[in-house]
Every structure is written in C-alpha cells, then in structure tokens.
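# An overview of the molecular structure
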Amino acid sequence: MHSEFELITRFFTPDPPGAEAGVTLGVGDDCTLLVPTPGQRLAVSVDTSVAGIHFPEDAPAAAVGHRALAVSLSDLAAMGARARWCLMSLTLPAADDDAWLADFARGFHALCDTTGTALVGGDVTRGTLSIGVTVMGEVPPGQAMVRRGARPGDLLAVTGALGGGAGGLALWRRGERDTGHPLLKRYLHPLPRLEAGLALRGLASAAIDISDGLLADLGHVLEASGVGAELMPDRLPMAAGLVTALGEEGARQAGLHGGDDYELLLGLPPEHLDEARARLAALALPLTVIGRVNDQPGVQGVAVTGERGWQHFPGEGVP
C-alpha cells in the first residue's frame, strides 16, 4: 500500500518541464508556478470523470487515464485554445494496485505528451474512483471561439463523424472487449480536436464540443446566441461501423443524441466554408454541413422527443 506522497512520486511526477513549457515550479510543492505567454488569454476548464457514470468500472486503466484528460482538453479545442498545462485530482478506493496505476498513468501521460500538455500538480485521496482534471490553455485576445456568436444564415457544421462514442458504449455493454474495434476506440480513446480548434480560429462564429450529444450541445449554442436552427439529419456523418452495430435507426439516434463524440460543432459563415474545409483537410479531418442557423425558435428538421442528451441532474419529467 502506497502512501499518498509515494504514489504521487512514483506515478504522477513527470520529468521537470523545461523553461519552454512555462513552468518554473511543478509537481511536489504547495502550488505550481506558471509563466503564461505575454499577451495571451488564459483558457481554463475542469471536468470530473466518475467510475460507473462516465466510464465503465471495468474499463482498461490506460483508457481511463486517456479519457480523463481528453474530455477536458476537448473544451480547450472548442475555444480554439492551445493546450499548455493540467492539474489532476485522483480519488482511489485503494492504493495497492500497482498494475492498474501504472497503466492509468501511462494513458494519461501519453496524451499529455502528444498534446503538449504538462502535468504540473494535483491531489490524491481515498474514495470512489474518480478523476478531476483541470486544463489550462492560451488563446490570443479576441480569437477565442465561444457559444454565443452564431447568427442567422450561418451554416452548422461538424468535424469528423458522430455516434461513435455511443456506439462504442453500447458494444461494451453487450460484452465486446476488442479494444481495436473502431467504435470501442472512439469510446475508450476519444481524440480532442485541438489542432482543428486552432485551425478554425477566425473562421467559426460559434463553437462547442459534442460531449453530451449533438442536439443537446446545439441547444446550448442556440440559447447562448439567441437563435434557432434547421438540421438536415440525413447529412449527419456517421462513425464507421455504427449502422452495422446499432441498425439504421439506432445509428441515427446515436448521431443525434449520443454523447462522448468530442467532435466540434460550429456556426460558420458560408463565405468561410471553403477555407475551413481546406484547413481541416490539411489535418485529414472532414467538415460536414448539417444545417443552418435561422431566427426561428428551437430546432427544425428533426422530430422532438423526450431524449435530451446526457444530464447529471435531469429535471422533473426528463428521462
């Protein structure tokens, strides 16, 4: 059984970041000391992942570590921010499973490395397995993509493909354990669209990451912007293998309501579409137009059902 400090030292103390990482004091003190880039705005977000709620309790430890960081980095992607630093608060039921901890740390650190995110501090405590991750990034003044900028006439577009997260979870619940399956990869190892967010700065009028489901997250953009939208559901780009796994109607519902996709949903002036597609093509990432913003209340083009995307505390009458 490790003590808290032994656990941090063994699994969560990376090599000290260099001066280029903007860290003058990292893991191991009461606070970390960071040096933001002069003239940049600091973008900060926090997410908590709880076993049995946000990921299966028997999910591979490396995937749990990867996902815990990825879902927070996705918020930076939606803002067009460059990832810089992260903090992690880890709650464990016990601290004696070295194999699980090593795999968890490997998944977490690997995504740190590939996204240029430095782990600079955190906390470890005892309780139900949960991981809280705070991410910090930078964006130039006036260039952050926000939810409130959509205007009538803007196109609605999404990066990548939809429904893969929900499809992967459905397969996991059916007993599928081949982590090489494309849908399980989408669910267990989502990719935050950080490079896409950087590429779309200056083009998108509004943006959000699709974490709770397309319609739910679109609703946040429409409410913040004071507009409505018409969707073209037949144009939704579906994840590979989704129809085979869930059937046509199941795939459609996953694309509209399923969470854990972490693609970007954009409001995009029509004159910016070609440039946006060209920039994303350089990243081998498609951009699909799925609707248009208008001045009519709500969402047209899809039947309104009781499905409202993921909510931790649904109101009365909400399933």
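Residues numbered from 1 in each chain as written. Predicted model: local features only at pLDDT ≥ 70, side-chain atom pairs only at ≥ 80, totals over all residues. Heavy atoms only, no water.

Now for the pattern of salt bridges. Throughout the structure, instances matching the rule amount to ten salt bridges. For the salt bridge of Arg82 with Glu138, the shortest nitrogen-to-oxygen distance reads 3.5 Å. Taken together, the residues Arg82 in strand β4 (residues 82-92) and Glu138 in strand β6 (residues 130-139) connect sequence positions 56 residues apart. Look at Glu138 and you get buried, because its relative accessible area is 2%. One salt-bridge network, held together by shared partners, links Arg186, Arg193, Asp261 and Glu263. (Salt bridge = Lys/Arg side-chain N within 4 Å of Asp/Glu carboxyl O. Helix = DSSP H or I, 4+ residues; strand = E, 2+ residues; numbered from the N terminus. Buried < 20%, exposed > 50% of the residue type's maximum accessible area, 1.4 Å probe, protein only.)

The next thing to look at is the UniProt feature "binding site: Mg(2+) 3" (unreviewed entry) in the chain. Mapped onto this numbering, the UniProt entry gives "binding site: Mg(2+) 3" (unreviewed entry) at Asp30, Asp75 and Asp209. An extended arrangement is adopted by the annotated residues: their sequence extent is 180 residues, and the largest C-alpha distance between any two is 32.7 Å. Looking at the element boundaries, Asp75 is found in helix α2 (residues 61-79). Filtering out sequence-adjacent residues up to four positions away, Asp75 remains in contact with Ser45, Asp47 and Asp209. With respect to the helices and strands, Asp209 occurs in strand β8 (residues 206-209). A distance of 2.8 Å separates a polar atom in the side chain of Asp209 from a polar atom in the side chain of Ser74. (UniProt positions renumbered as here; feature names shortened; annotations may be inferred. Contact = heavy atoms within 4.5 Å. Polar contact = N/O pair within 3.5 Å; in protein donor to acceptor, adjacent residues only side chain to side chain.)

Within the largest apolar cluster, 70 residues are counted, with the highest numbers of intra-cluster contacts made by Phe12, Leu69, Leu90, Ile131 and Val133. Counting residues domain by domain, this core receives three or more from each of domain 1 (41-139) and domain 2 (147-300). Each residue touching Val133, except ones within four places of it in the same chain, is listed here: Ser45, Val46, Asp47, Ala68, Leu69, Ser72, Cys86, Leu87, Met88 and Phe108. If you look at the next biggest cluster of nonpolar residues, it comprises 21 residues, including Val158, Leu215, Val221 and Val302. (Core = buried A, V, L, I, M, F, W, Y, C linked by side-chain atoms within 4.5 Å. Domains from an automatic or database assignment.)

Take the sheet that holds β8 next. Pairing in this open sheet of six strands is mixed, and the strands run β8-β10-β7-β11-β9-β12 from one edge to the other. Only two strands of the sheet have a single neighbouring strand rather than two, namely β8 and β12 (299-300). Pairing between strand β9 (residues 228-231) and strand β11 (residues 287-294): four bridges, direction antiparallel. The residue bridging Leu231 from the neighbouring strand is Gly291, located in β11. Where α2 meets the sheet, it contacts β8 and β10 (264-268), and its direction lies at approximately 170° from that of β8. Sitting on the sheet, helix α7 (residues 214-225) touches β7 (155-159), β8, β9, β10, β11 and β12, and the angle it makes with β8 is about 145°. (Pairing = 2+ DSSP bridges. Axes fitted to C-alpha atoms, helices over the stretch in contact; angles between N-to-C directions.)

This part covers the domain arrangement of the chain. Segmenting the chain into domains produces domain 1 (41-139) and domain 2 (147-300). Contacts between the two partners involve 25 residues from domain 1, matched on the other side by 19 residues from domain 2. Summed over both sides, the interface between domain 1 and domain 2 buries roughly 1700 Å², with carbon and sulfur atoms accounting for 66% of that surface. The interface formed by domain 1 and domain 2 contains two salt bridges. Among the ionic pairs, Arg67 bridges to Asp260, the shortest N-O distance being 3.5 Å. Linking domain 1 with domain 2 are six residue pairs in polar contact (both at pLDDT 80 or more). Secondary-structure elements contributing two or more residues to the side of domain 1 that touches domain 2 are α2, β4 and β6. By residue number, the principal contributor to the side of domain 1 that touches domain 2 is α2, which donates twelve residues. (Buried area = accessible area lost by both parts, 1.4 Å probe.)

Summarising burial for β7: five of the five residues are buried, a large majority. Across the two faces of β7 the burial is the same, with Leu155, Ala157 and Thr159 and Leu156 and Val158 all buried. Relative to β10, β7 is paired through four bridges, and the arrangement is antiparallel. Residue pairing across strands places Val158 opposite Leu265, the latter belonging to β10. Taken together, the five bridges between β7 and β11 define a ladder with antiparallel strand orientation. Its bridge partner being in β11, Leu155 is matched across the sheet by Arg292.

With that out of the way, let us pick up the side chain of Thr115. Looking at the element boundaries, Thr115 is found in helix α3 (residues 98-115). Within the structure, Thr115 has its side chain in polar contact with the side chain of Thr117 (distance 2.9 Å). Leave out the neighbours within four places in its chain, and Thr115 touches Leu73, Ala83 and Leu194.

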